Amino acid sequence: DRAVLPVESTMEGTALRNYDLLLRHGLVVVQEINLFVHYCLLAMPGVRAAEVRRVISHPMALAHCGRALARRGVDPEPVEDTAGAVEMLRSNRMLDTAAIASTRAADLYGLDVLAHGLQDESWNVTRFLLLSRPSPVAALPVDAAAAGAKTSMVVAHRGSSMMMVLKVLSAFSSRNINLTKLEVINNDGAAAAGSGAGARPPVMILDTSARGAPTLRAFPHVLYVDCEGAAHDPRVREAIQEIETFAVFVRVLGCYAADSTVYDLQ
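For the structure given in this document, a descriptive report is provided here. (Residues numbered from 1 in each chain as written. Predicted model: local features only at pLDDT ≥ 70, side-chain atom pairs only at ≥ 80, totals over all residues. Heavy atoms only, no water.)

1. Some thoughts on the sheet that holds strand β8 (residues 112–115)
Strand order in the open sheet formed by 5 strands is β6-β5-β7-β4-β8, and the pairing between neighbours is mixed. Lying at the two open borders of the sheet, with one neighbouring strand each, are β6 (75–78) and β8. Strand-to-strand twist of the sheet, defined as the mean angle between neighbouring strand axes without regard to direction, takes the value 35°. Alignment of strand β4 (residues 40–43) against strand β7 (residues 97–101), held across 3 bridges, turns out to be antiparallel. When the sheet's bridge partners are listed, Leu42 is paired in β7 with Ala99. Where helix α4 (residues 82–91) meets the sheet, it contacts β4, β5 (54–57) and β7, and its direction lies at approximately 150° from that of β7. (Pairing = 2+ DSSP bridges. Helix = DSSP H or I, 4+ residues; strand = E, 2+ residues; numbered from the N terminus. Axes fitted to C-alpha atoms, helices over the stretch in contact; angles between N-to-C directions. Contact = heavy atoms within 4.5 Å.)

2. Here's the deal with the environment of Thr215
Among the secondary structure elements, Thr215 is positioned in strand β13 (residues 215–219). Measuring from C-alpha to C-alpha, the distance between Thr215 and Ile205 comes to 8.2 Å, with 10 residues separating the pair along the chain.

3. Details of the side chain of Ser9
Relative to the assigned elements, Ser9 resides in strand β1 (residues 3–9). With relative accessibility at 12%, the residue Ser9 sits in the buried group. Excluding residues within four positions of it along the chain, Ser9 makes contact with His64, Asn124, Val125 and Thr126. (Buried < 20%, exposed > 50% of the residue type's maximum accessible area, 1.4 Å probe, protein only.)

4. A few points about the side chain of Lys181
You can see Lys181 is positioned in strand β11 (residues 179–186). Among the residues examined, Lys181 registers a relative accessible area of 9% and is labelled buried. A polar side-chain atom of Lys181 sits 3.2 Å from a polar atom in the side chain of Thr14. (Polar contact = N/O pair within 3.5 Å; in protein donor to acceptor, adjacent residues only side chain to side chain.)

5. Concerning the packing of aromatic side chains
The full count for this structure, using the stated rule, is 2 aromatic pairs. Ring centres of Tyr19 and Tyr224 lie 4.5 Å apart, and the angle between their planes is 35°; on these two criteria the pair is classed as tilted. Taken as a pair, Tyr19 in helix α1 (residues 16–23) and Tyr224 in strand β14 (residues 221–228) lie far apart in primary sequence, 205 residues in all. Tyr224 carries the same exposure label as Tyr19, and that label is buried. When the ring of Phe219 is compared with that of Phe249, the centres are 5.6 Å apart and the planes differ by 15°; the resulting orientation is stacked. (Phe/Tyr/Trp six-rings, centres within 6.5 Å; stacked < 30°, edge-to-face > 60°.)

Printed below as a string of C-alpha cells:
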C-alpha cells in the first residue's frame, strides 16, 4: 500500500539517488515524516564488544556512526540495508562481527545490544516520504487544507539554471508562498572539472501527463521544489501555471499534509 523513501538527512544532505528513483516512477507523495536516527550495535548472544572485529550495515548507517566505529577500532563493511545486515549476522552465526541497526531488529532476531546511540550526532534527523499509487485520494488529501499542506514538484529545463531559479522564486514570492525546499541538479553530460569523472547522465523523469502510456524523458537541469500550500490552492495553482510557461516540463510529485514534528521512536 505504501513505500517509504528516505530523501534527506541533517548529516548527509539530500539523497539524490532516491529522488531520481522517485522521478522514474509514477508514485505520488502522500505523507512526510521526520525521525531522529538512533543506531545500536548488535551482536550474536554472548559475544562481547571486545571480540568484534568488523561491523556491517547500510553505507549511510556506517557513515552516521563513523567516529564511533573508529574509536572502537573495527572495520566497517557496507551491505544492502540495516535489517539485511542483522539477518546475515544471525543466519551465518558471525561471532566476530556486529551489525548497526535498531533495537526492534535486535528483538526480532534475538541478538544482544552492545551499545545504544551509536550515531555520531544526537541531532541527526532523516526525512522520509511515504509514496502511494496514484489515486484521487492519494493525489489530493482531504485534510490537507485543514492541517496545512505542502506540495512537492519537479521543474525541468534546458537553459541557464540561475535564470530558472530566479524565475521560479519570483513565481512563488510574488504570491507570498513560502518554499521549504529548493534543490538544483545539473546533469548536462559534462564531466566535473578536474575530477576525472566521466560525463554525468541526464535526469530521467516519467511523464505521467503524456497521452497513452507514460514515457521517460531526459533533462539536463532539474529543480526539486517543495512549497507551502495545496496544489489545488488558487495561489499555488497560479504559480505552477506561470512556471509552466517558461519551463520545459513540470510534474507535481504529491500534495500532502505538512508535518514539521520530529518524531522519536525510542
